[in-house]
Amino acid sequence: MEACEIMNFKYTLPENLINADLCEFANGGAQVTIRTKDGDIYEKILISNCMWIVAMAGYNELPFKIDDIIEIYQTGNDKNPKQKIDWFFFDKWE
């Protein structure tokens, strides 16, 4: 957690979307799927410590606003991702 204290995260989830029950595949890292208000589904999103969106496969920036998220969940592939590459990390380490 010490590293998180020196990070300024670009995308912080609101309290109502933080889910401590996410299955992690790495220290604090969980892959998730997100559904937005307009019904769009986004896959292969990396959340750190259940509260920060830190990366997304294929995108340099989130293609939606945090306020547009209505659901964060995990599919079978999210819980046990076969491929852990192609993520574009949104935050820079200080």
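Since the model is a prediction, treat every value here as computed from it, not as a measurement.

Draft legend 1. Structural context of the overall build of the protein chain. Each helix and strand in the protein chain was counted, giving two helices and six strands. Of the regular secondary structure in the protein chain, the N- to C-terminal order runs α-β-β-β-β-β-α-β. When burial is assessed residue by residue, the protein chain has 40% of its 94 residues classed as buried. Taking contacts inside the protein chain between residues at least 6 apart in sequence as the whole, the part at least 24 apart equals 66%. Of the roughly 5900 Å² of accessible surface on the protein chain, a fraction of 47% belongs to carbon and sulfur atoms.

Draft legend 2. The pattern of salt bridges, seen in detail. If you walk through the whole model with that rule in mind, you get two salt bridges. Salt-bridge contacts for Glu-61 lead to Lys-10; the nearest nitrogen and oxygen are separated by 2.8 Å. Of this pair, Glu-61 sits in the loop between strand 4 (52-57) and strand 5 (69-73) while Lys-10 sits in the loop between helix 1 (2-5) and strand 1 (11-12), and the two are 51 residues apart along the sequence. Between Glu-71 and Arg-35 there is a salt bridge, with its nearest N and O atoms 2.9 Å apart. Residue Glu-71 is found in strand 5, and its partner Arg-35 is found in strand 2 (residues 29-36); the two are separated by 36 residues along the sequence. Among the residues examined, Arg-35 registers a relative accessible area of 29% and is labelled partly exposed.

Draft legend 3. A look at the environment of Ile-53. Residue position: Ile-53 is located in strand 4. Ignoring sequence-local partners within four residues, the contact set of Ile-53 consists of Tyr-11, Leu-13, Ile-34, Ile-45, Leu-46, Ile-47, Leu-62, Ile-66, Ile-69, Phe-90 and Asp-91.

Draft legend 4. Examining the side chain of Asp-78 more closely. Tracing the backbone shows Asp-78 in helix 2 (residues 76-79). Among residues more than four places away in sequence, those in contact with Asp-78 are Gln-31, Val-32, Thr-33, Lys-44 and Tyr-73.

Draft legend 5. Seen up close, the packing of aromatic side chains. Across all of its chains, the model carries four aromatic pairs by this definition. Seen in terms of ring centroids, Tyr-42 and Tyr-59 are 6.5 Å apart; in terms of plane orientation they differ by 80 degrees. Their pairing is edge-to-face. Of this pair, Tyr-42 sits in strand 3 (residues 41-48) while Tyr-59 sits in the loop between strand 4 and strand 5; the two residues are 17 residues apart in sequence, bridging distant segments of the chain. Between Tyr-42 and Phe-64, the ring centres sit 4.8 Å apart and the planes meet at 40 degrees, which makes this aromatic pair tilted. In this pair, Tyr-42 is assigned in strand 3 and Phe-64 in the loop between strand 4 and strand 5, connecting sequence segments 22 residues apart. Of the two residues, Tyr-42 and Phe-64, both sit in the buried class. Taken together, the ring pairs connect Tyr-42, Tyr-59 and Phe-64 into an aromatic cluster.

Reading guide: rules and limits
Residues numbered from 1 in each chain as written. Predicted model: local features only at pLDDT ≥ 70, side-chain atom pairs only at ≥ 80, totals over all residues. Heavy atoms only, no water. Helix = DSSP H or I, 4+ residues; strand = E, 2+ residues; numbered from the N terminus. Buried < 20%, exposed > 50% of the residue type's maximum accessible area, 1.4 Å probe, protein only. Contact = heavy atoms within 4.5 Å. Areas by Shrake-Rupley, 256 points an atom, 1.4 Å probe, with all protein chains shown as cover. Salt bridge = Lys/Arg side-chain N within 4 Å of Asp/Glu carboxyl O. Phe/Tyr/Trp six-rings, centres within 6.5 Å; stacked < 30°, edge-to-face > 60°.

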